[in-house]
Amino acid sequence: MEMAEALVKAACALGAGIAMGFGAIGPAIGEGNAVGKALEGMARQPEAMGDLRTNMILGCAITESTGIYALVVALLLLFVF
């Protein structure tokens, strides 16, 4: 029985690492792309800076939620199972 429990714990730790790895890649790419495009827009039209900044921050906050969901899943795998 001990071996089975150790195997489940190892699988949970591996799953948590994979969840955080994939869960962090998406927001990083998305936020980098959003900030880059917003900066390009600000450089081309400085008068639209306020609207672009607001929309960029809102988009980054929404994008970051997927990373937070991955963190919740990883924590659940580590401490609940």
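Above this note sits the structure.
Residues numbered from 1 in each chain as written. Predicted model: local features only at pLDDT ≥ 70, side-chain atom pairs only at ≥ 80, totals over all residues. Heavy atoms only, no water.

> I'd like a description of the overall build of the chain, backed by residues and values.
Looking only at helices and strands, the chain has 2 helices and 0 strands in total. The C-alpha radius of gyration computed for the chain amounts to 19 Å, which surpasses the reference 12 Å derived for 81 residues by more than 25%, pointing to a less compact arrangement than a globule. Along the three orthogonal principal directions, the C-alpha set of the chain runs to about 65 × 15 × 10 Å. Per-residue burial over the chain gives 16% buried out of 81 residues. Of the contacts made within the chain by residues no fewer than 6 positions apart, 76% connect residues no fewer than 24 positions apart. Of the charged side chains in the chain, 4 are positive and 7 negative, and the gap between their average positions amounts to 8 Å. (Helix = DSSP H or I, 4+ residues; strand = E, 2+ residues; numbered from the N terminus. Rg over C-alpha atoms; globule rule 2.2 N^0.38 Å. Buried < 20%, exposed > 50% of the residue type's maximum accessible area, 1.4 Å probe, protein only. Contact = heavy atoms within 4.5 Å. Lys, Arg positive; Asp, Glu negative; His and termini not counted. Charge placed at Lys NZ, Arg CZ, Asp CG, Glu CD.)

> Would you mind going over the environment of Met20 in detail, with residue names and values included?
Within the secondary structure, Met20 is located in helix H1 (residues 2-44). Considered as a pair, Met20 and Val72 are 52 residues apart in the sequence and their alpha carbons are 9.3 Å apart. The residues contacting Met20, other than those within four sequence positions of it, are Ala70, Leu71 and Ala74.

> An account of helix H2 (residues 49-79) is needed here, citing residue identities and associated values.
Its 31 residues give H2 an end-to-end C-alpha distance of 44 Å, which sits within 8% of 45 Å, the value for a rise of 1.5 Å per residue. Inspection of H2 places Met56, Cys60, Gly67, Ala70 and Ala74 among the buried residues, and these make up the whole buried set. (Expected span 1.5 Å × (residues − 1).)

> I'd love a proper account of a nonpolar patch on the surface, names of residues and values included.
Together, Ile68, Leu71, Val72, Leu75, Leu76, Leu78, Phe79, Val80 and Phe81 give the surface a local cluster of nonpolar side chains, amounting to about 880 Å² of exposed area. Mapping Phe79 onto the fold places it in helix H2. (Patch = residues over 30% accessible without salt bridge, like charges linked within 9 Å, V, L, I, M, F, W, Y side chains within 5 Å. Areas by Shrake-Rupley, 256 points an atom, 1.4 Å probe, with all protein chains shown as cover. Salt bridge = Lys/Arg side-chain N within 4 Å of Asp/Glu carboxyl O.)

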